[in-house]
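Each chain, written out:
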Amino acid sequence: MSKDILDALGTMNETLFGVWFLIGAALVFWMQAGFAMVEAGFTRAKNTGNILMKNLMDFCIGTVVFIVIGFSLLLGEDVAGFIGKPGFDIFTAYENFDWSNFVFNLVFCATTATIVSGAMAERTKFLSYCVYSAVISALIYPIEAHWIWGGGWLAQLGFHDFAGSCAIHMVGGISAMIGAKILGPRIGKFVKDKDGKVTKVNAFPGHNIALGALGVFILWLGWYGFNGAACTTEEQLASVFVTTTIAPAIATVVCMIFTWIKYGKPDISMCMNASLAGLVAITAPCDVTDAFGAIVIGAVAGLLVCFGVWFLDHKLRVDDPVGAVAVHCLNGIWGTIAVGLFATNTAPGYSIADASGNEIVGLFYGGGFKLLGLQLLGFATVAAWTAVTITVAFLIIKAIFGLRVTKEEEIIGLDQTEHGLPSAYAGFAIMDISNTMTMDVNENTSLGTEDYEKAGEFERAAAVKVSNPLPATGISKVVIIAKLTRYDQLKKAMNDLGVTGMTVTQVMGCGIQKGAGEMYRGVEMDMTLLPKVKVEVVVSKIPVESVIEAAKKALYTGHIGDGKIFVYPVEKVVKIRTGEEDFAALQDVE
């Protein structure tokens, strides 16, 4: 093959991967939608608009400050291995500007900022969040990213983070943890005794798990661009796609099995977090590990995310509504360290070398501790930089603007109080059934038997209470409040009795009975508002006692909370179609 043809093919290949580089950047930008969906779905409906606005502004504010200072600090001329030289080439030398690298690094910068949104959700002032977003995008992220990708001192030593387990996810995760700790938990998250000791952790289920699932799939798709955009050969790109697929899949399966064994049922939201955890963990080593390494990395990530959620709730007492710290911080650290364990030169395009240019591989592939030591050094220094700078930033923001909304604003919801948005779901009736106002519950509500015929009068009266039963004279209205699951039995009992007209309403109710002993993200849920059905019947010919007895028999399960029956006198009934009144008006509905 002639030299001209080879040169043409080389140019074509370079152009092809240059286009793929920008397509990858677009996929990473699309991940902002994924983050928005996950965070909105995992939080309460009253804060959905606020979540969406923060994710939008992370990118827009990030773009502004990245133009002004962030890009040059990241990829400007290296100054002592610490920062890039500040400059304004985008304005002064646009014809020769590195447009592709600007866009590519901008979308990565926005990803770092948006990780924090979920951990600080539902109680952060919007203004304060915007200031934070500007600070991390202008200074904190660009400087540490320069150490790794801009020719800084870590890059010179041979530290490896191909797509950002350390530079992006760990930094965002640490910032999220510190921000959530300074901010404090949501109202009702932790129950304390009179001495201030936490006695219980409450679960706040996300209002739209379907939305969260959509976000996970969007993020997974975007991650192929996140990890693969910087690849320069077809073989390397294909290998990265393989490892980027294996790790999250294994993490999700491991998490499903673990939660199934530990909690009795596979936890949906935790499995979604596990998919993202596997993606975070494989981000640094995606180009230097093989299938076996990806399997182990994913399996550890699937367990680590479960541990992280539990550790934050029960030990650190940090309220992270979406699991951002467990996903990004812990698995960002794990992915960074995993390079030192699983890097193998059998991966296409392998290029890890020390400062002297000598190839180094991971501990489990015969490379000893050298690469592992470099990865630990990088993790420690970037973590220290992030922890110090973000703490200072949050404390200054708190002192100047305040970080947290008022108690009243938090209870009402940030959509309305921060943005003047009555609801992000106009036209839909959304009821918040999370236990923000937890009631004391009776753990011993069993009455001994579930058979109505075997139950005594005391058990029957305790299970289905009757309020002021009236004698069977005149016209009476009977209102029955019962469990939604017993509606079919109640309807049949009324029909068998001869009652053919009923008004039925689905309502929410609460009482001293325990709501649900299910687990959500490792925390038992006490749902104080339970789905109920309200059935109203008006009778005259049929004795009220017969209606009460039939209802009690249909509703009885042997537990306190089976239902209540209220009986009211009716002074007047008018049938509109015929004008018939009182007894005559009821004859075609009994």
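Okay, so let's go over this structure. Values in this document were obtained by computation on a predicted structure and should not be read as measured data.

Right, let's talk about a nonpolar patch on the surface for a bit. Residues Leu127, Val388, Val392, Ile396, Ile400 and Phe401 make up a contiguous nonpolar surface patch of roughly 560 Å² in combined accessible area. Ranked by residues supplied to the nonpolar patch, first place goes to helix H13 (residues 370-400) with four residues.

Bringing helix H8 (residues 209-228) into the picture now. In this model H8 runs 29 Å from its N-terminal to its C-terminal C-alpha over 20 residues, within 8% of the 28 Å that 1.5 Å per residue would give. Taking the largest bend as the criterion, H8 deviates by roughly 30°, centred on Gly222. Taking burial as the measure, the 20 residues of H8 include 15 buried ones, the bulk of the element.

Right, let's talk about the pairing of strand S4 (residues 198-201) for a bit. With three bridges joining them, strand S3 (residues 190-192) and S4 adopt antiparallel strand pairing. Residue pairing for S4: Phe190 is matched across the bridge by Val201. The turn linking S3 back onto S4 is made up of five residues, and Gly196 within it adopts a positive phi angle of 85°.

What follows is about the pattern of salt bridges. Going through the model one piece at a time under the given rule, you end up with 11 salt bridges. Across the pair Lys483 and Asp562 runs a salt bridge, and its minimum N-O distance is 3.4 Å. With Lys483 in strand S6 (residues 476-483) and Asp562 in the loop between helix H18 (544-555) and strand S11 (563-569), this residue pair connects regions lying 79 residues apart in the sequence. Here Lys483 falls in the partly exposed class, since its relative accessible area comes to 26%.

In the sheet, S6 pairs with strand S10 (residues 530-539) via eight bridges, with the strands oriented antiparallel. Each residue of the ladder has a partner; that of Ala482, found in S10, is Val533. Direction of pairing for S6 relative to S11: antiparallel, over a ladder of seven bridges. Bridged to Ile481 within S11 is Lys564.

What counts and what doesn't
- Residues numbered from 1 in each chain as written.
- Predicted model: local features only at pLDDT ≥ 70, side-chain atom pairs only at ≥ 80, totals over all residues.
- Heavy atoms only, no water.
- Patch = residues over 30% accessible without salt bridge, like charges linked within 9 Å, V, L, I, M, F, W, Y side chains within 5 Å.
- Areas by Shrake-Rupley, 256 points an atom, 1.4 Å probe, with all protein chains shown as cover.
- Salt bridge = Lys/Arg side-chain N within 4 Å of Asp/Glu carboxyl O.
- Helix = DSSP H or I, 4+ residues; strand = E, 2+ residues; numbered from the N terminus.
- Expected span 1.5 Å × (residues − 1).
- Bend = angle between axes of the 7 residues up to and from the residue.
- Buried < 20%, exposed > 50% of the residue type's maximum accessible area, 1.4 Å probe, protein only.
- Pairing = 2+ DSSP bridges.

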